[in-house]
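If you want the building blocks of each chain, they are given just below.
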2 protein chains.
Amino acid sequence: MLNKILYICVLFLPMFSQAEENYIKTIFHLELSSNTGISTNAIAKKIDTKASSVTDMIKKLSEKGLVSYKKYQGVTLTKLGKKIASNIVRKHRLWEVFLVEKLNFSWDEVHEIAEQLEHIKSPKLIKKLDEHLGFPTHDPHGDPIPDENGNLQTIEKRLLSNLKENDFGICVGVQDSSTEFLQYLDKKGIELGKKITVLEKEDFDESLSILIDNEKITISKKIANNLYIK
Amino acid sequence: MLNKILYICVLFLPMFSQAEENYIKTIFHLELSSNTGISTNAIAKKIDTKASSVTDMIKKLSEKGLVSYKKYQGVTLTKLGKKIASNIVRKHRLWEVFLVEKLNFSWDEVHEIAEQLEHIKSPKLIKKLDEHLGFPTHDPHGDPIPDENGNLQTIEKRLLSNLKENDFGICVGVQDSSTEFLQYLDKKGIELGKKITVLEKEDFDESLSILIDNEKITISKKIANNLYIK
DNA sequence: AATATAATTTAGATGTGTCTAAAAATATAT
DNA sequence: ATATATTTTTAGACACATCTAAATTATATT
Ligand SMILES: [Mn+2]
Ligand SMILES: [Mn+2]
Ligand SMILES: [Mn+2]
Ligand SMILES: [Mn+2]
């Protein structure tokens, strides 16, 4: 019932600006790894803007019913806000799949372009794109694609840095999807779907010695902190 | 040589806003069917804005070297302006081909979506899209797609309304690509590539009796004014 | 040529999204 | 508990893109 009302609301909803969408999406991502309200500074850092700008925008989003906000308390997305946000994430990830699968982009090139494509407004376009791509469930970086209703499946996965010596698993995702990090992985031969075994953990600098493709390589803690294993 | 300089300019060019791009594109289209400078009112009408807004924008575009402008004299695109404009048209039409050929949209649905997609900024994306589509030369409405250098091939074509009785030809394009007009054509069975013969021209209301698919139908002058024949 | 009409530009205002600098509230340390 | 540091908000400004109303210039009519 509440879903139906929400659905009707979304149908009659005013369009959101690119700026508004970027704020909503950022808050959505920050909420996934936090259980408190999202701070002004955290948002400012992600969006690369000033805290005062964030405060201004938060007020507007609050008036539009997308976030709930009390001064100095940080923000949380409302049900409607989450719906809008996950739809943007859905578009972003579907476009990334398109760019890699259909246009032969490599996985380190697609994020910036998807940042633009995610703001294209046409529900029919996304329906058809989804179909064209064969209803993918994950983007090129292993992140799940929310469904039309905004449901985002969370797969159990662990950071490589949390594995113990002799633990192993399949590489299923990246925490950081910047061009630099992904190109580093390419250089080291680390890809989604590959088996990784932890051979040794160095106490001194927390670097890891891992086995991949029957090759033994050493990676820093920073790398291991950005790789997901299942 | 001048082309090379232009190319270098384009490479180092600041990005243009969506509003600026829409003005440039509109002036480009108006120049194709006009030999004088483009008037403020003509632009205002196409963009659905006020003449005063157009004057403001024209000044900005003039300062950026995209149009040449003298007060009260209308504007013309500079070489650089034409380059930018044809690139936007190129993107618009390639996206339209994608939507029809790959996502199975019908030709009356794609224009609005392409209006958004044409502003996505990534030369590599367009290169790859072009390749993915097999380097198409025309969009779903029969309009030519400019090449990477901005060259737009003009095919010889005549308005159906200019044909005489017993003249015939192949339908190769539409003047108006609004949803309403294209859906009207669908209803009447008029498609690109079909042979049309003019049977009779009515003096009274300038309506036409035409033969298409061995069927005789009557169309108004307005329709005949928006169909191109080769 | 003078006048009326139409097109264009200017002046001044608004809404959006951003910024800097200063004030206020909250969190941390002594 | 008080002082200090950090975070957040406010105040005031600015660039962009738009608008209305008024002034200016160009064009058409008599
Ligand atoms: Mn991404
Ligand atoms: Mn974005
Ligand atoms: Mn179009
Ligand atoms: Mn456009």
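Residues numbered from 1 in each chain as written. Chains lettered and ligands numbered in written order. Predicted model: local features only at pLDDT ≥ 70, side-chain atom pairs only at ≥ 80, totals over all residues. Heavy atoms only, no water.

A. Inspection of the coordination of the manganese ion (ligand 3) at higher detail. All names here are of chain B. H92 (NE2), E96 (OE) and H111 (ND1) make up the full set of protein donors to the manganese ion (ligand 3), lying at 2.0 to 2.2 Å. Positions of the donor residues of the manganese ion (ligand 3) along the chain correspond to the pattern H-x3-E-x14-H. In this pair, H92 and E96 both sit in helix α5 (residues 79–101), four residues apart, roughly one turn of the helix. A residue is classified by how much of its surface remains accessible, and H92, at 6% relative accessible area, is buried. Judged by its relative accessible area of 1%, E96 is buried. (Donors = N, O, S within 2.8 Å, 3.2 Å for Na, K, Ca; no water. Helix = DSSP H or I, 4+ residues; strand = E, 2+ residues; numbered from the N terminus. Buried < 20%, exposed > 50% of the residue type's maximum accessible area, 1.4 Å probe, protein only.)

B. Region of interest: the nonpolar core. Ranked by internal contacts, the top residues of the largest apolar core, which has 35 residues, are L99(A), W95(B) and L99(B). When contributions to this core are tallied by element, the ones reaching two or more residues are α5 (79–101), α6 (110–117) and α7 (123–132) of chain A together with α5, α6 (110–117) and α7 (123–132) of chain B. When neighbours within four sequence positions are excluded, L99(B) is seen to be in contact with L125(A), N104(B), F105(B), V110(B), I113(B), A114(B) and L117(B). (Core = buried A, V, L, I, M, F, W, Y, C linked by side-chain atoms within 4.5 Å. Contact = heavy atoms within 4.5 Å.)

C. Examining the protein's contact with DNA strand C more closely. Taken together, 20 residues surround DNA strand C, and among them S17(A), K60(A), K59(B), Y69(B) and K71(B) come closest. The contact atoms of DNA strand C, taken as those within 4 Å of the protein, divide so that sugar and phosphate hold 75%. Interatomic distance of 2.9 Å between a backbone N/O atom of N41(B) and a phosphate oxygen of DNA strand C. The backbone of Y72(B) places a nitrogen or oxygen atom 2.9 Å from a phosphate oxygen of DNA strand C. Only α2 (18–32) and α4 (51–63) of chain A together with α3 (40–47) and α4 (51–63) of chain B provide two or more residues apiece to the surface near DNA strand C. (Near = heavy atom within 4 Å. Polar contact = N/O pair within 3.5 Å; in protein donor to acceptor, adjacent residues only side chain to side chain.)

D. Examining the interface of chain B and chain A more closely. Residue-level contacts link 20 residues of chain B with 20 residues of chain A. Taken together, both faces of the contact between chain B and chain A bury some 1,700 Å²; the carbon and sulfur share is 68%. Joining chain B to chain A, the criterion identifies two salt bridges. Here K124(B) ties to E109(A) by a salt bridge, and the two come within 2.4 Å at their closest N and O atoms. Inspection of the region where chain B meets chain A yields 10 residue pairs in polar contact (both at pLDDT 80 or more). Of all the secondary structure elements, the ones that give two or more residues to the side of chain B that touches chain A are α5, α6 and α7 of chain B. Among the elements that line the side of chain B that touches chain A, the one with the most residues is α7(B), at five residues. The residue inventory of the side of chain B that touches chain A, partitioned by class, reads 10 nonpolar, five polar and five charged. (Buried area = accessible area lost by both parts, 1.4 Å probe. Salt bridge = Lys/Arg side-chain N within 4 Å of Asp/Glu carboxyl O. Nonpolar A, V, L, I, M, F, W, Y, C, P; charged D, E, K, R; others polar.)

E. Molecular detail of α4(B). Residues and elements named next belong to chain B. In a regular helix each residue adds 1.5 Å, so 13 residues correspond to 18 Å; α4 covers 19 Å between its end C-alpha atoms and thus fits that length. All of the buried residues in α4 are V54, M57, I58 and L61. Down the axis of α4, the buried set is contained in an arc of 110°. They therefore lie on one face. α4 presents D56 and E63 as exposed residues on the side facing more than 90 degrees away from its buried surface. Positive backbone phi, at 80°, marks G65, one or two positions downstream of α4. (Expected span 1.5 Å × (residues − 1). Arc of directions from axis to C-beta.)

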